[in-house]
Amino acid sequence: MSAVDRILDKRLRGERLDLEDGVRLFESDEIEKLGHAANIMMQRVHPDPITTFVIGRNVNYTNVCDTFCTFCAFYRIPGSSEGYLLPDEVIFQKIKETEDVGGTEILMQGGTNPNLPFNYYTDLLRNIKLRFPNITMHSFSPAEIRKMQEVSGLSLEQVVRELREAGLDSLPGGGAEILDDRIRKQISRHKGTWRDWMDVMQMAHKVGLNTSATMVIGFGETMEERALHMLRIRDAQDQCIENKYDSKGFLAFIPFTFQPDNTGLKRERETPEAYLKTVAIGRLMLDNVPHLQSSWVTMGPEVGKLSLSYGCNDFGSTMMEENVVSSAGAVHKVNINSILELIREAGKIPAQRNTRYDILKVFKDGTQVERDFVMQN
Ligand code: SF4
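What comes next is a walk through the structure. What you see is a predicted model, and the numbers here were worked out from it, not measured in a lab. (Residues numbered from 1 in each chain as written. Predicted model: local features only at pLDDT ≥ 70, side-chain atom pairs only at ≥ 80, totals over all residues.)

If you tally the helices and strands in the protein, you get 15 helices and 11 strands. Sorting the 377 residues of the protein into buried and exposed places 49% on the buried side. Excluding contacts between residues fewer than 6 apart, the proportion of contacts in the protein whose partners are at least 24 apart in sequence is 79%. (Helix = DSSP H or I, 4+ residues; strand = E, 2+ residues; numbered from the N terminus. Buried ≥ 20, exposed ≤ 12 C-beta atoms within 10 Å, placed from the backbone. Contact = placed C-beta atoms within 7 Å.)

Moving on: the nonpolar core. One finds A38, I233, F253, A280 and L284 to be the most contacted residues of the largest nonpolar core, which totals 94 residues. Non-local contacts of L284, meaning those with residues more than four positions away in its chain, are made with R11, L17, L25, A37, A38 and M41. (Core = buried A, V, L, I, M, F, W, Y, C linked by C-beta atoms within 7 Å.)

Below, the discussion takes up the environment of R131. Position of R131 relative to the elements: it lies in helix α5 (residues 118-131). Overall, the presence of 13 C-beta atoms within 10 Å leaves R131 in the partly exposed class. Taking C-alpha positions, R131 is 39 Å from L306, a pair spaced 175 residues apart along the chain.

Moving on: the site of the ligand. Lining the immediate environment of the ligand, one finds C65, T67, F68, C69, C72, F74, Y75, G111, T112, A143, S188 and K191. Tallied by class, residues from the shell around the ligand come to 7 nonpolar, 4 polar and 1 charged. (Near = placed C-beta within 6 Å. Nonpolar A, V, L, I, M, F, W, Y, C, P; charged D, E, K, R; others polar.)

It is worth spelling out the sheet that holds strand β5 (residues 170-171) at this point. Pairing between the strands of a sheet is mediated by backbone hydrogen bonds and can be parallel or antiparallel. One open sheet holds the 4 strands; their spatial order is β5-β6-β7-β8, and the pairing between them is parallel. Only two strands of the sheet have a single neighbouring strand rather than two, namely β5 and β8 (291-292). (Pairing = 2+ DSSP bridges.)

A separate point is the sheet that holds strand β4 (residues 136-137). What the 3 strands build is an open sheet, ordered β2-β3-β4; its pairing is parallel. Across the chains shown, the open sheet's two edge strands, defined by having one partner strand only, are β2 (56-59) and β4. Alignment of strand β3 (residues 105-108) against β4, held across 2 bridges, turns out to be parallel. Across the sheet, residue I106 finds its bridge partner in β4, namely M137. In this fold helix α4 (residues 88-100) packs onto β2 and β3, with an angle of close to 165° to the strand it touches most, β2. (Axes fitted to C-alpha atoms, helices over the stretch in contact; angles between N-to-C directions.)

With 20 residues, helix α10 (residues 223-242) ought to run about 28 Å at 1.5 Å a step, and its terminal C-alpha atoms sit 29 Å apart, in line with that. Residues of α10 that are buried include every one of E225, R226, A227, H229, M230, I233, R234, A236, Q237 and C240, and no others. After α10 finishes, the residue K244 shows a positive phi value of roughly 50°. (Expected span 1.5 Å × (residues − 1).)

Before going further, it helps to spend a moment on the packing of helix α7 (residues 156-166) against helix α9 (residues 194-206). The interhelical angle for the contact between α7 and α9, taken along N-to-C directions, is 55°, at an axis separation of 10 Å. The angle between α7 and α9 places the two elements in the oblique class. By crossing handedness, the relation of α7 to α9 is classed as right-handed. Only D199, V200, M203 and A204 of α9 make contact with α7, whose side of the interface consists of L156, E157 and V160. Here the contact of α7 with α9 is composed, by residue class, of 5 nonpolar, no polar and 2 charged. (Parallel < 35°, antiparallel > 145°, perpendicular 65-115°, else oblique. Left-handed = near helix turned anticlockwise from the far one by under 90°.)

It is worth spelling out α7 at this point. Every buried residue of α7 is accounted for by V159, V160 and L163. The buried residues of α7 occupy an angular sector of 90° when the element is viewed end-on, so they sit on one face. Exposed side chains of α7 directed beyond 90 degrees from the buried face belong to E157 and E165. Looking at the buried residues of α7, the elements they touch are α5, α6 (142-152) and α9. Directly beyond the C-terminal end of α7, a positive phi value near 135° is found at G167. (Arc of directions from axis to C-beta.)

This brings us to the environment of A252. Mapped onto the elements of the fold, A252 is located in strand β7 (residues 250-257). Judged by the 23 C-beta atoms lying within 10 Å of it, A252 is buried. Separated by 105 residues in sequence, A252 and Y357 place their C-alpha atoms 9.4 Å apart. In this structure, A252 is in contact with S212, V289, H291, L292, Q293 and D314, ignoring residues within four places of it in sequence.

Interpretation note: all reported values are geometric properties and have no functional meaning in isolation.
Here's what the structure looks like:
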């Protein structure tokens, strides 16, 4: 039996993988074998042949940012004539359009804008919830929350609690990049350490919010750093479960690849194989995170479809807008009926879910949505 076979066998027998196992898997090029084992593990958690998706919209409310990540093509420095802050009415209109097509989730995220006081966020959340009580606000990355803490002078716990009271429902996992400080110092040294990112996530779990975790490969990280990223998420999830917080912790893991176009960071684009391998290893290592989300927005619909055989059970959001990734060259846009078609082509049954992953509607046979998204910015 080869070393990889032994590791896969260990996992299929229900044992946990360790750092060394993870590194060995990342070094392997037997991606079909990894995908096969990951698919078996996925089916143990999700026995029905259903692939879920959420109808949602990204609202990039500001591009003003003082974090200056070297890989980011989206931000503008404070004072730039190209900087913007969306007026509240524009944000409300975008949410209304989302609800009009059956959408349930708003992923509001932007730069770390030093000009915004903390009550900008709490007032905005309250006003959104007044107008749209049924919309789920899955919003703000740890870097934005850290900025709110800095401008307000409040503790991290106060900031997260006040956001929750104002209407924040859930936290997306943006800004994780690679959860190790060697790489973070090179690409986003003002964004804080991996521990800073994790502290925000763990605080969110403590106050009862669910979150997700992303991972971006292709910054020049080692295989050990990739495996460590996953173990750090798994450890935090263990702590959430042990502490019996009123939160499910990390509901989903979302890996994708760095998109180098238009950024100041020159790197080779990671291959679809490297992406699929990361997906499979994520399913094998993260035994306590239930959902694995495909990243068709960066990888393209065809690779997205393939990822459903490598451990993914979810097709993510319809992503009505995505300015951050599209600024860096990922321009795959898919409407809802195309998502239904892709999921069916992969041999699965599509189902609309909410942010908590409760299934809202199963699209049996050839059924389609009545009103599709009009893609617009
Ligand atoms: S990735 Fe986010 S935090 Fe970094 S520069 Fe871009 S907008 Fe700012």
